[in-house]
Each structure stands twice: as C-alpha cells, then as structure tokens.
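Residue-level listing of the chains:
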Amino acid sequence: MRFMGTSAIQADQLRKTYTTTRGLIRRERKDHIALRGVDLDIQRGELFGLLGPNGAGKTTIVKILTTLLLPTSGVARILGLDVVNQAWAIRKRIGFVFGGERGLYWRLSGLDNLRYFADLYRIPPDVSRRRIGELLETLDLKGREHDKVEGYSRGMKQRLHLARGLLNQPEVLFLDEPTIGLDPVGGRELRGLVRRLSNEGTTVFLTTHYMLEADEICDRIAVIKKGEIVAQGTPSSIKTGAEDQGVVEFEIEGLPAQRIEALRQLPAVATVIVEERELAQVITIHCSRPGELAASLGSLLDGMQVRNVSVREPTLEDAYVLLVSN
Amino acid sequence: MNTLRIFFRTCWFQYRAMFNWATPIGYLSYKFLQPIGQILFFTELGIFATGRSNALYFALGNALQLTAINGIFGVVMSVGNERQFGTLPILLGSPANRLVTFLGRAFVHVIDGIAGVAVGLALALVMFQIDLSHANLGLLAICVCIISLSTAGLGLMFGSLSLIMRDVFVIANGVYYLLLVFCGINIPVSRLPEWAQLISTGLPLTRGVQATREVVSGAGLAQVSGLLAGELAIGLVYALIGYSMFRWLEHQARRGGLQEAY
Amino acid sequence: MTAYVRAAARAFEMSMKLRAVNPFTNFGWLVFPLIFVVLGLALLGGGGKSAYAILGGGLLGYWGMAYVEGGNEIQNERWSGTLEQIMGCPTPLVVIVVGKLCSSLVFGALSFFPAIAVGYFAFHQSVQNIDPVPFAVSFLVLTFAFFCMAVTLAPLYAMWRWAFSVTNGFEIGVYVLGGFMFPISQLPAWLQVVASVFAPTWAVRALYAATGQPFGRQYALWWAVSIALSCGYLVIGWFLYRLVDVRARATGQLALA
C-alpha cells in the first residue's frame, strides 16, 4: 500500500450540535447533540467501517469529513488539510457517495450526469472522456449510458453514484450506506468493487449497519452510539471484546413480562432480546458464562416449554448489539 | 363522533404538513406578499386602463379571487402530496370513511381561504380605500364563505387529477390565472366574447364575485340569493366530480390497473 | 479559468435539457405571457397603450423565468438531493448558477414570441414606432439587470428554504415596481422610491421610451442608472456567496427537502 504511515483522515474531539427552532409565536430553541467528541485516525489505504444504529451520528461525521457540514468544535483533517478552512483543496481530492436513489438528475441520461460532474470537478475534457468510458465499463453501465436515469434499477443508480464519486480519482472515498436497498447480489458486487479500490490504494471510509458487510471487507471498524465512538479496532478484535460473552437462544411460548424482567436482572446477563414469532417467542440472551446460564434455564423458566436451546460464540453482530444496547 | 374526529385530525395534519417546510417568514409571505402584489398589480393596471374611479372594481375582484390560492393550489397540494410521499396506498388501505378524508383535505383550505380574502379586503381597504359603507357586512361574510367553498370544489377536482397526472400543478397554475380573465375579476363578464361567457358560467367565482359586488353596493340577501345558490351548486358539482374520480381511481388501483398512481 | 467556463457551459447545457422537458418552464414562457397579454389587451384596448400589453406580457414571462425559475433551480437541486453534491464540488456555486441562469434567460426571452403573436393574430395589435437602436440597447441593459438580480438572489435560496417562498410570493409585486405593464409614475410616491432602487425599472422605462411612450429620451442616464444598480447587486451577491459557503455548512440545510 502506498503512503502507509500518513493519516488520511484524522478527527480530534469532533462535536456537532444542531439547533432547531420551532413554534410560530414563541420560538423555542432546541439543541440536538449529534456528535460528542469523536476521535478518528485512519491511515492511507485503509478500508475503514463506521457502524452504528440509525441516528447515531454516522451521516453527520461523513458530512463533516466531506466539508459539507461544519463541526461545532474539534478539528478534522483530510490528507492533512483542515475541513473548515481548506475545504476547496479537500474537495478536489475526495469523492463521496451517499446511499439511496437521490442525488442524480433523473430526467437526464447517465452519461449526462457523469459529464456534468466531471466538469464540476474541473477534469480536462480528454481525461474525463477516457475516464467516463472506463468507469462505465468497470461499473457495468456500458450500453445503458444514453438512457434516462429514471429508468435505471436501484443497483444501476447506485453504481452510477459510485462512478460519479470516482470521476476525480479520489484519494479518499466516503461511502455513506452504499448498499442500502440493494439486493444481495448487487450488494456483494459493490463490496467486491470497494475492496478492489482499497487494494489499489484508495482510502475508503464506509458507514453501514450491515454487520456482514463490515466483517467481510473492512480493515478496521469503529462503532458509534449516540454520537460517541464506543469501540474501535479490527473486526476480530471487536469480536474479542465480546469474547467472554456468549449467546443463548431458545424458543418459548407466552413468557410473561415479569419473567423477562427477571431474566434481565440476572448478574451475568447483558441483554435480553425478545422476538415475537407466530406461535412462540425467540429469546436471545447475551451473557457471560453462557453454558452455566443454559444449564440453569430449566429452573428459571419453571413449568414452561422451552425448545431449541442453543449456545454459540459471539459474532460481530453480537458484539455490536452488546456495544450499542444499554 | 369517530368520523368527526378523523375529519378534524385529517384537517389539522394537512395544515401542519403543508407548512412544515415554511418558517413563519415563509408563511407570512404567502399570506401577505402575494395578496399585496396581486391586488396592487391588477388595480394599478385597471387604473392605467380605465381611470382611478374604477379602482374599487379591480381591488374588490382580486381580493376575492385570492381564495383560489387556497382553493386550488392548497387543495391540489394536499391531495397530490399523497402521491408524492407515497402515502396513498396507506390511505386507500385504511377503513376510514372516504368522503370524510377526501373533504378533510379541502376543509382546512376553505378556512384558510376565507382568512386570505379577509386579509385581501383589508389590504384593498388600506391601499385603495374601497368603500364598504353600503355593504351588509354579515352578507358580505356569507359571500366570502361561499366563494371559498366553491373554489375548493374546483380544487378537489384537480386534486383527484393530480393523483393520475404527474404535472397537474402546471394546469392548476393556468387555471388560477384564467380565473382572473373569465370570472369577472378584471374584465366584466358581459364584455367577454360569447364563447368566453359560456366558460364563465361554468366556473366558480363568477356568480359569487358578482353577488359580492352587488352586496358592496347595497344589495340585500333577496337580490343575491339566486347568484349565491348558483355559486354553491357549481362548487358542489366540481367536488362531486372530484370525489367520483377519487373513488374510481381507488377501484382501478385495487384491480391492479393503475399502479403508476402510486 | 477555462475549467470554470467549461463547468458553466455544461451547467447551461444540462439546464437547457432539463428545462426543455419541464412543463413548468413551458408554461412560464408560453402560456403565462399569453394570459397576461390577453388580459392587458382586453383592458388597455387599442390606442397608444397596447405596447404595454404586448411587451408587458413578454416582460412578465422573461422576468418570471429569470427570477422564479432561477430560484426553482436551486429548490429542485434540493429536492433531487443534488444540492449537496454540487456544493461539495471544487467548483464555486456562482459558476453553476451563471450557467443555469443563462439558460433561464434564453427560455425567458422566448416569451416575447407568444406575446407578439397573440397580439397580432387575436387582437390585430402590434408594437409600433420602435426606435431600433435604443430599443436593442435597452433590452440588453434589462437582460443584464435581470441577470444580476437573479445571480444575487440564488445564494439566498441555497441558504434558506423560505427565501424562495418570499420571492415567489412577491413575483407579481415586482411587475408593479418594474413598471412592466403600466408606468410607475401613477404609483404612490413612496412606491416610486422603492421602484427606483430596482435596476430593471430604469431599463424598462428606456425600453418603453424607445416605443414612443412620452417619457423623454434620457436613454444614457437610464442605462447608466440601471447598470450601476445591477453592479451594486453583484457586490452584495459577492458577500452572499461567501456567506452561503459558511452558513449552509453550519446549519446543514443543504440536505433538507
């Protein structure tokens, strides 16, 4: 990998507070704290994943790092440049793709969209012509580039987004939930592509709430919860964080609320998740010493029919659930 | 009782949803700037054309026509937004009374439209000193209410259209300005060519505006009741057409024939 | 520099393509002026005032495209989710706005065709006694005034969602202040004062003078005032564009629909 050892993305105590006002006559100001002091240090060439539930602050971080939003306090640097004062220099060297179908001109062709942004990125015409051709090829849009975007499938729109984000051959690429709404095949193709870009030296900053995605491709992961980073490391080290933990799952019929509460109160239990199925409830318990818990379940759930008890190793998803739940 | 609650809740949500994009400044501009601009422009144009003595004619006509901002744009937006935000299937899937939810979309704009005309009349009073001393104010208020109702009826028809047509707002824009030509707002209906007079008789506002003009110059209920009844009837006809279109659309959608409506 | 010219040219091309299929645009230059010309001619009739109806209808369409559609463009970018993307590009917003605006001026200028056609065919009226050179210069000065106003207003739309509803609400008010369909001399004195800081007003006066309206022939003065005011707007605009880059980023309003 090129340039190892230099930071591509650095954030130091990044905070963001949104102030909203509401009410017609009595204007009420309300502060919403989106980020509460986020630190990041991402090396060049790394593929970094940011995981977190909806509303945790993932998009706010991405917008600050892509110069679209100013932090309330704290410092962020992209390739050593300050996101507040050196936005113009940063914009030339980064690319960003936000998930979903918005952000394209639907009534124009895919090619028109790309040409437009190529000019906005001030890419010389001969270079942009060649690069657009290559991107259409790589992203499997060849042959459809003259069609209007409104006729594209979701996957095609997402690939077009990615093509747009790659027009200026960015040194750092930001992807905010890029696989949202894609079918499994589309999602896998996109992940493969992102991995390839990363192998070619592009630094990738990816947000997602698909665990498999993060586990499969990311070099390093951070988990964000309510505006704070609660864990950071390689996928396996995050799993190790939940290592003395385990998961007990079983099915049961009509478990009353006070028994669930009693389960929650047990000292070894971290969380209890109840999923209602048609005829039964599926109970997932994150706990330490799962073997012991499984053995003692019989007495705890006295007189009730317990089926399909299983004890398993934590997955990244389990580690994540543990981190973001209370 | 439940129906009534659904009705008022629909109204209130409609209103909130409509203005959630607007800050107070946005709302005030919509409620005051546009009325000021419209009354000023057409009255001054009328003065330029026919002399200052006719200012009342133009000021009054345009103040009354302001109700079409709500009756047409407001109603079309309320119905059309269902489509834009994809909430139409939810509405169609709910057991709520269709007529109630449908009319609920218009009701709030009728109220807002009456308020709009009140603002317009106040502005006309201030800017051009229109003379309301001969008018029976209670009767004037009735005229304004009826005009707002009948215009919203036309709006409901376009609202239903907006569920199947993508760009109905453009048509609504055209209709708004055509009302200025055909309904005796700026040009007396009697001075229009015959074919145009025929269109006038089929539009809301025409009779209501005429009735209001007579009330302002001192007419009583007996003299204008025919005009007002006609105005109300026209509005009702449009609302019914709109409602039938709405039900027809629902029927088609359930048969799977109009997926693009969603 | 050439990169910016290219970006503006591309924005122009995109905007032309988008407008050509946009029913609002076609309503704005084709139907809207027609309605006003018809109203104007019905009221003003023949005689010396028909120029006001015909040219006036064209002016309304021209102005409407530059002013409302210019604002619409930013609003549409917000709706389609592309406003963030163009703000995140290494090309200043003003470059993109200039490109788009040129396309609205092209469509706006088309307004004069339906206006003249309906006057001629339906009412047998036309604008006569045109003094070609002052008329043409006045038209260019007017175009410059429209351009400067719209360029200056655009950053407001990017910053505040409500800005568009304000200008949109006052669209007809501007017809009054600009003297598009009747001379401003008949307005109350205080409104005439407001109208006099409005650059298009002076260019419109010159335009009508060039069709034989009895305003005198102080073309040079009118042009100079209009151009000076327009340049004044640009100075204000320069500050607004600097502000927009900071303010929109601080509040995060770019993404909101």
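One can find the structure itself at the top, above this paragraph.
Residues numbered from 1 in each chain as written. Chains lettered and ligands numbered in written order. Predicted model: local features only at pLDDT ≥ 70, side-chain atom pairs only at ≥ 80, totals over all residues. Heavy atoms only, no water.

A look at the overall build of chain B
A tally of regular secondary structure across chain B gives eleven helices and zero strands. Listing every helix and strand of chain B by position from the N terminus yields α-α-α-α-α-α-α-α-α-α-α. The buried share among the 262 residues of chain B stands at 57%. Restricting the contact set of chain B to residue pairs at least 6 apart, pairs at least 24 apart contribute 77%. Accessible surface computed for chain B: about 11,100 Å², of which carbon and sulfur atoms make up 68%. (Helix = DSSP H or I, 4+ residues; strand = E, 2+ residues; numbered from the N terminus. Buried < 20%, exposed > 50% of the residue type's maximum accessible area, 1.4 Å probe, protein only. Contact = heavy atoms within 4.5 Å. Areas by Shrake-Rupley, 256 points an atom, 1.4 Å probe, with all protein chains shown as cover.)

Focus: the sheet that holds strand 10 (residues 228-233) of chain A
Residue and element names in this part refer to chain A. Ordered in space as 6-7-8-3-9-10, the six strands form an open sheet in which the pairing is mixed. Each edge of the open sheet is held by one strand with a lone partner, namely strand 6 (94-98) and strand 10. Put simply, the sheet's adjacent strands are angled 15 degrees from each other on average, direction ignored. Where strand 6 lies against strand 7 (residues 172-176), five bridges are found, and the strand directions are parallel. Pairing of phenylalanine 96 across the sheet is with phenylalanine 174, part of strand 7. (Pairing = 2+ DSSP bridges. Axes fitted to C-alpha atoms, helices over the stretch in contact; angles between N-to-C directions.)

What to know about the pattern of salt bridges
What the rule picks out here adds up to 19 salt bridges over all chains. C:Glu13 is the partner of C:Lys17 in a salt bridge, and the nearest nitrogen-oxygen pair spans 3.3 Å. Note that C:Lys17 and C:Glu13 are positioned in helix 1 (residues 2-20) at a spacing of four residues, about one turn of the helix. Residue C:Glu13 is classed as partly exposed on the basis of its relative accessible area of 28%. Put simply, A:Asp112, A:Asp119, C:Arg6, C:Arg10, C:Glu13 and C:Lys17 are held in one network by salt bridges that share partners. (Salt bridge = Lys/Arg side-chain N within 4 Å of Asp/Glu carboxyl O.)

Comments concerning helix 2 (residues 23-44) of chain C
Residues and elements named next belong to chain C. With 22 residues, helix 2 should reach 32 Å at 1.5 Å per residue; the first-to-last C-alpha distance of 30 Å fits that figure. By the largest-angle criterion, tryptophan 29 marks the main kink of helix 2, which is about 35 degrees, and a proline, proline 33, follows within four residues. Looking at the residues trailing helix 2, positive phi occurs at glycine 45, about 60 degrees. (Expected span 1.5 Å × (residues − 1). Bend = angle between axes of the 7 residues up to and from the residue.)

Some points on the interface of chain B and chain C
The interface of chain B with chain C comprises 32 residues on the first partner and 31 residues on the second. The contact between chain B and chain C buries some 3,100 Å² in all, and 79% of this surface belongs to carbon and sulfur atoms. Considering only the side of chain B, the residues that lose the most area to chain C are B:Phe41, B:Phe48 and B:Tyr177, jointly responsible for 24% of the buried surface there. Our count for the contact surface shared by chain B and chain C stands at zero salt bridges. (Buried area = accessible area lost by both parts, 1.4 Å probe.)

Re the state of the cysteines
All names here are of chain B. Enumeration according to the criterion identifies zero disulfides over all chains in this entry. Of the cysteine sulfurs around cysteine 143, a residue in no disulfide, the closest is that of cysteine 145, at 9.3 Å. As a non-bridged cysteine, cysteine 183 has cysteine 143 as the owner of its nearest cysteine sulfur, 15 Å distant. (Disulfide = S-S within 2.5 Å.)

A look at the nonpolar core
Counting residues in hydrophobic clusters, the biggest one holds 234 residues, and the most contacted among them are A:Ile78, A:Phe174, A:Phe205 and B:Phe41. The element that contributes the greatest number of residues to this core is helix 7 (residues 132-159) of chain C, accounting for 15 residues. If you count residues domain by domain, this core takes at least three from each of domain 1 (7-23 + 31-240) and domain 2 (242-324) of chain A. Among residues more than four places away in sequence, those in contact with B:Phe41 are C:Phe36, C:Leu60, C:Ile172, C:Tyr175, C:Val176, C:Met181 and C:Phe182. Membership of the second largest hydrophobic core comes to 14 residues, among which are A:Phe250, A:Ile283, A:Cys287 and A:Leu301. (Core = buried A, V, L, I, M, F, W, Y, C linked by side-chain atoms within 4.5 Å. Domains from an automatic or database assignment.)

Shape is all these values report; function is a separate question.
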